[in-house]
Amino acid sequence: QVQLVETGGGLVQPGGSLRLSCVASGSMFSSSTMAWYRQAPGKQRELVARILSFGSTDYLDAVKGRFTISRDNAKNTVYLQMNSLKPEDTAVYYCNLRRVHFNKWGQGTPVTVSS
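Remember, predicted model here, so these are calculated numbers, not experimental data.

The rules behind the values
Residues numbered from 1 in each chain as written. Predicted model: local features only at pLDDT ≥ 70, side-chain atom pairs only at ≥ 80, totals over all residues. Heavy atoms only, no water. Helix = DSSP H or I, 4+ residues; strand = E, 2+ residues; numbered from the N terminus. Contact = heavy atoms within 4.5 Å. Disulfide = S-S within 2.5 Å. Polar contact = N/O pair within 3.5 Å; in protein donor to acceptor, adjacent residues only side chain to side chain. Pairing = 2+ DSSP bridges. Axes fitted to C-alpha atoms, helices over the stretch in contact; angles between N-to-C directions.

Engineer: Tell me about unusual backbone geometry, and name the residues and values.
Structural biologist: With a phi close to 50°, N76 is a non-glycine residue in the positive phi region. Mapped onto the secondary structure, N76 falls in the loop between strand 7 (67–72) and strand 8 (77–82). Its identity as a non-glycine residue notwithstanding, S84 has a phi of 50°, on the positive side. Summarising the element assignment, S84 is placed in the loop between strand 8 and strand 9 (91–99).

Engineer: Kindly report on the environment of T33, identifying the contributing residues and their values.
Structural biologist: Checked against the element boundaries, T33 lands in strand 4 (residues 33–39). Through-space distance from the C-alpha of T33 to that of S53 is 5.4 Å; in sequence the pair is 20 residues apart. Setting aside residues up to four positions removed in sequence, T33 forms contacts with R50, I51, L52, R71, N96, L97 and R98.

Engineer: An account of the state of the cysteines is requested, with residue identities and associated values reported.
Structural biologist: Taken as a whole and assessed by the stated rule, the structure comprises one disulfide. Note that C22 is cross-linked by a disulfide to C95, the S-S spacing being 2.1 Å. Looking along the S-S bond of the C22-C95 disulfide, the torsion reads about -80°, which is the left-handed sense. A residue pair is termed long-range when its members are at least 10 positions apart, and C22 in strand 3 (residues 18–24) and C95 in strand 9 qualify at 73 residues.

Engineer: Which residues make up the environment of Y59, and what values go with them?
Structural biologist: Tracing the sequence through the fold places Y59 in strand 6 (residues 57–59). Taking C-alpha positions, Y59 is 5.7 Å from V48, a pair spaced 11 residues apart along the chain. Those residues in contact with Y59 that lie beyond four places of it in its chain are V48, A49, K64, F67, T68 and I69. A distance of 2.9 Å separates a polar side-chain atom of Y59 from the backbone nitrogen of I69.

Engineer: Give me the sheet that holds strand 8: which residues, what numbers.
Structural biologist: Strand pairs in the sheet, formed through backbone hydrogen bonds, run parallel or antiparallel to each other. Spatial ordering of the open sheet is given by 1-3-8-7, a layout of four strands whose pairing is antiparallel. The open sheet is flanked by strand 1 (4–7) and strand 7, the only strands paired with a single partner. Taken pair by pair, the neighbouring strands of this sheet meet at an average axis angle of 15°, ignoring direction. With four bridges connecting them, strand 1 and strand 3 associate as antiparallel partners. Bridging across to strand 3, T7 finds its partner in S21.

Written as structure tokens, this is what we have:
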């Protein structure tokens, strides 16, 4: 059974940086699309960044140039490097693993950007 565990969230000042990590158990990681979503209070969950199994990426327009998604298949880990953070980036960030007929979410890690 696949489990996703996110770490790296916390409180950061505007303009600061955080790196989120998501470790996946099991053997599905390298052939799966991995993504980071976020959900702010009172808002719908939205896709922040996605990386396909062969490395292609795409990003939410609001984070382009500031966030970078990457993966290490040897470690079953996906990362989200977040730079130049803004208060509007405050949300719970969720890791997602997806393949045909399978979709798994992590428990979420909160990110708060505030002075």
